[in-house]
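Breakdown of the fold
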Amino acid sequence: MNILFIMYDQLRFDYLGCAGHPHLDTPNFDRVAAMGVRFTNAYVQSPICGASRMCTYTGRYASSHGAQWNGFPLRVGEQTMGDHLRKLGMDCWLIGKTHMKADAEGMARLGLSPDSVIGARQAECGFDVWIRDDGLWGYGPDGYYDEKRSPYNEYLKSRGYDGENPWADYANAAVSNDQIASGWMFRNADKPANIAEPDSETPWLTSRTIDFIDRQEGPWCAHVSYIKPHWPYIVPAPYNDMYGPAHVPPAKRHEAEREDTHPVLAAYMESKIASAFQRDEVREKVIPAYMGLIKQCDDQLGRLLDHLEHTGRMDDTMIVLTSDHGDYLGDHWLGEKDMFHEASVKVPLIVYDPRRAADATRGTTCDALVESIDLAATFVEAAGGAVPDHIIEGRSLMPWLHGQTPDWREVAISEYDYSATPQCMKLGLQPRDARLFMVFDGRFKLIHAEGGFRPMLFDLETDPDEFNDLAKHGNDHPALGVLYDALARWGRRMSQRVTRSDADIEASRGRSLRRGILPFLYDGSEVPDDLTERYRGPVRQKHRPTREE
């Protein structure tokens, strides 16, 4: 059994044909959904790239692994899906993006060289790297945003694209009056990128994935991580004009959201990205490009699926399609991600299990509350292992895939540490107080804000668009108490005892007794005779006089 684990960056849950999008045709996403199960209530554990990915890779909540923002290192010693799968005889490879920041200080303290196998895995989220490219190769007066070498830039240079950074000059730029029309500017989003479509990022990574599959022999997990449809929102022809303003849905936003707005939400509504997406002309250019990027992703997924079928690998390869978070696209007066509305925190999740045990669920949907950390547990079980639930906090999805109805979680949790953002400074918060928590029970969604703020509360049954914050005018709604109790239970979870499982602890009980540690006994009759046997019997030597003598 192999695992093809595909993650798209910033792909909304509702921008797929199988999820009901009115204009976007995605036959290959739909093809996988028809072969497997589409989970309709899948939530990431943090609505920001790096933290979300670290949760997925470790199977642990953000407050457990600590890498809660882009560029926060994942500390040395955190076990990831690669560590768990290799114990089971399955290689685990990266092809694309991770947004991983290595714990260089921790590695140096332990003497781990990044050139060693162990050091390289520690620096790459536990993956062996087939090819890594995080995809944002911006450069400005102070140099590059990402100082690593870009394999994609090197590929473009080998194809004849000139300059220091062809990613910026061609792959993410158009042409206007013989001038570079950068994809960083929203006004250029409707123009075709100045690149041959097969040379653009998504086909390039697909080709690298096909190369990988063709060279493998033993069981493998391949994390294929596309940068798109993440911004810059620009796409090569013919995808740039497949969609237009007529395909742009009205923004899901309401004036009520701007009245008595929660201070944290208000700070995000006033951000630069939110202000841009509050303009209709921005949405009318960006959203068609976003849809074009998704359409290109779907076509490239078709290439992968066809290759699996032609090589006979479809029968022994689990396929997982998901995202690290969504994209507001102007909904709720916001852009990007960061907060906990469905557009941001809810993601697509489609899982195809080729084994016969999954035949009964093919082409179905599952509305259980699923978390992205469940994938690590699922992969361990798919590889034939027992989930180490003292380390992995997610739960295996295998029962749902095989038509069972397991005892399941009552709430989904997500966290957001915004201490590194301008919003934290604007609100005058200390970094440790700039934290948000989401608790969602399938109907009511609580958002708790540290720093002395009131909560937010939404009823998605009566208010599916999440316009009406029920906690604006008081804390007397009964759902608040229920969800705060759930948050408290979650906060008391056992999350750091990762070196001993429950089974280890149970097996160790009484072991010290059988090794001669017998405290608090009066005469030895309190325990079985065999435990005191070595402490009884005639004295063999006398080294000091006794009182009787």
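These remarks concern the structure in this document. Keep in mind that what you see is a predicted model, and the values were worked out from it rather than measured. (Residues numbered from 1 in each chain as written. Predicted model: local features only at pLDDT ≥ 70, side-chain atom pairs only at ≥ 80, totals over all residues. Heavy atoms only, no water.)

1. Thoughts on the packing of aromatic side chains
- Taken as a whole and assessed by the stated rule, the structure comprises 28 aromatic pairs.
- The interplanar angle of 55° and the centroid separation of 6.3 Å between the aromatic rings of Tyr-268 and Tyr-416 together place this pair among those described as tilted. Within this pair, whereas Tyr-268 is found in helix α10 (residues 263-269), its partner Tyr-416 is found in strand β14 (residues 412-417), the two being separated by 148 residues in sequence.
- According to the relative accessible area criterion, Tyr-268 is buried, its value standing at 4%.
- Among the aromatic residues, those joined into a ring-pair cluster are Tyr-15, Phe-186, Tyr-233, Phe-277 and Tyr-290.
- The ring of Trp-333 has Arg-258 sitting right over it, with the charged end atom 4.2 Å from the ring centre.
- Stacked on the ring of Trp-490, the Lys or Arg Arg-493 has its end atom at 4.0 Å from the ring centre. (Phe/Tyr/Trp six-rings, centres within 6.5 Å; stacked < 30°, edge-to-face > 60°. Helix = DSSP H or I, 4+ residues; strand = E, 2+ residues; numbered from the N terminus. Buried < 20%, exposed > 50% of the residue type's maximum accessible area, 1.4 Å probe, protein only. Lys NZ or Arg CZ within 6 Å of the ring centre and 35° of its normal.)

2. Notes on unusual backbone geometry
- Geometrically, the link from Lys-228 to Pro-229 is a cis peptide bond, its omega value of 10° lying close to zero.
- Turning to its location among the elements, Pro-229 is positioned in the loop between β9 (220-226) and α10.
- The residue Asn-177 is not glycine, and still its phi comes out positive at about 55°.
- Looking at where Asn-177 falls in the secondary structure, it is placed in the loop between β7 (173-176) and β8 (179-182).
- The exposure class of Asn-177 is exposed, given its relative accessible area of 73%.
- The backbone of Asp-260 shows a phi angle near 50°, a positive value even though the residue is not glycine.
- Here Asp-260 shows up in the loop between β9 and α10.

3. Let's talk about the sheet that holds strand β16 (residues 444-449)
- Spatial ordering of the open sheet is given by β14-β15-β16-β17, a layout of 4 strands whose pairing is antiparallel. Of all the strands in the sheet, the pair left with one neighbour each is β14 and β17 (456-459). Strand-to-strand twist in this sheet, taken as the mean axis angle between neighbours without regard to direction, amounts to 15°.
- In this sheet, strand β15 (residues 435-440) lies alongside β14 in antiparallel orientation, the contact comprising 6 bridges. Note on β15: the bridge partner recorded for Ala-412 is Phe-440. (Pairing = 2+ DSSP bridges. Axes fitted to C-alpha atoms, helices over the stretch in contact; angles between N-to-C directions.)

4. Some points on the environment of Lys-337
- Mapped onto the elements, Lys-337 comes out in the loop between β10 (317-323) and α13 (342-345).
- Along the backbone, Lys-337 and Pro-47 are 290 residues apart, and their C-alpha atoms lie at a distance of 6.2 Å.
- Contact partners of Lys-337, with chain neighbours within four places excluded, come to Gln-10, Pro-47, Ile-48, Cys-49, His-230, Trp-231, His-325, Gly-326, Tyr-328 and Ser-344. (Contact = heavy atoms within 4.5 Å.)

In short, the description is geometric, and any link to function would need to be established separately.
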